[in-house]
Amino acid sequence: MFRPIARAFLSTASHRTFSSTSRAQDVARLTICGRISKDPESIETQSGNSFLKYTVATGFGMGEARRTTFWNVSVFDERQKEIVSALAKGYLVHVDADIECKQIPDESGKHHTYINLYQKSINVLIRNRNPVPPAEGVEEEAPAQA
């Protein structure tokens, strides 16, 4: 009774196809959780388009073995740029990004690997833990009383 179904399943399961060309839905995605270590800055391309660039620091290890990795993130989407432009150094964020690796040779012929992150989404987990104090001579507003 189950032999025809099993035979059909096994024949398709054992048949594997490979391709050396990528498909449109093939992506390299990276999710990082860390603190913004460099305020977002707007950069204009030679073609006149603008994008935001900022850095997120992530750490691993403990004590003397603790290491920090700094990830440069670029934002091209207009809605995402609005969100990121309101953030500052110190915010704890969760970033979902496409990742691209490029190997570029220097003058001596040695190849260097550059990793580019292109933000798809961002979530703020904790606001800035060290807010910037108000500028000198600027008074803070008194809290509203109920």
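What you are looking at is a predicted structure, and each value in this text was computed from that prediction instead of being measured. (Residues numbered from 1 in each chain as written. Predicted model: local features only at pLDDT ≥ 70, side-chain atom pairs only at ≥ 80, totals over all residues. Heavy atoms only, no water.)

**A closer look at the overall build of the protein chain**
Then, in step 1: When helices and strands are counted, the protein chain shows two helices and five strands.
Then, in step 2: Listing the helices and strands of the protein chain from first to last along the sequence gives α-β-β-β-α-β-β.
Then, in step 3: Expressed as a percentage of the 146 residues in the protein chain, the buried residues total 21%.
Then, in step 4: For the protein chain, contacts bridging at least 24 residues in sequence account for 53% of all contacts bridging at least 6.
Then, in step 5: Approximately 11800 Å² of the protein chain is accessible, and the part contributed by carbon and sulfur atoms is 52%. (Helix = DSSP H or I, 4+ residues; strand = E, 2+ residues; numbered from the N terminus. Buried < 20%, exposed > 50% of the residue type's maximum accessible area, 1.4 Å probe, protein only. Contact = heavy atoms within 4.5 Å. Areas by Shrake-Rupley, 256 points an atom, 1.4 Å probe, with all protein chains shown as cover.)

**Here we look at the pattern of salt bridges**
Then, in step 1: Taken as a whole and judged by the stated rule, the model has six salt bridges.
Then, in step 2: Across the pair Arg 29 and Asp 98 runs a salt bridge, and its minimum N-O distance is 2.7 Å. Note that Arg 29 is positioned in strand E1 (residues 29–44) and Asp 98 in strand E4 (residues 92–105), a separation of 69 residues in sequence.
Then, in step 3: Given the relative accessible area of 44%, Arg 29 is considered partly exposed.
Then, in step 4: Take Asp 98: its relative accessible area is 17%, and that puts it in the buried class.
Then, in step 5: Put simply, Glu 78 and Lys 81 hold a salt bridge, and the shortest N to O gap is 3.0 Å. Residue Glu 78 and its partner Lys 81 are located together in helix H2 (residues 78–85), separated by three residues, close to a single helical turn.
Then, in step 6: Take Lys 81: its relative accessible area is 11%, and that puts it in the buried class. (Salt bridge = Lys/Arg side-chain N within 4 Å of Asp/Glu carboxyl O.)

**Examining the nonpolar core**
Then, in step 1: Core analysis: the largest hydrophobic core is formed by 16 residues, its most contacted members being Tyr 54, Val 56, Val 93, Val 95 and Ile 122.
Then, in step 2: Listing elements by their share of this core, those giving two or more residues are E1, strand E2 (50–60), strand E3 (67–75), E4 and strand E5 (111–126). (Core = buried A, V, L, I, M, F, W, Y, C linked by side-chain atoms within 4.5 Å.)

**A closer look at the packing of aromatic side chains**
Then, in step 1: Tallied over the full model, the rule gives two aromatic pairs.
Then, in step 2: A centroid spacing of 6.0 Å and a plane angle of 45° characterise the contact between Phe 76 and Tyr 118, whose relative ring orientation is tilted. With Phe 76 in the loop between E3 and H2 and Tyr 118 in strand E5, the pair connects residues that are 42 residues apart, well separated along the chain.
Then, in step 3: Its relative accessible area of 26% is what places Tyr 118 among the partly exposed residues.
Then, in step 4: Connected via pairs of aromatic rings, a cluster forms that spans Phe 51, Phe 76 and Tyr 118. (Phe/Tyr/Trp six-rings, centres within 6.5 Å; stacked < 30°, edge-to-face > 60°.)

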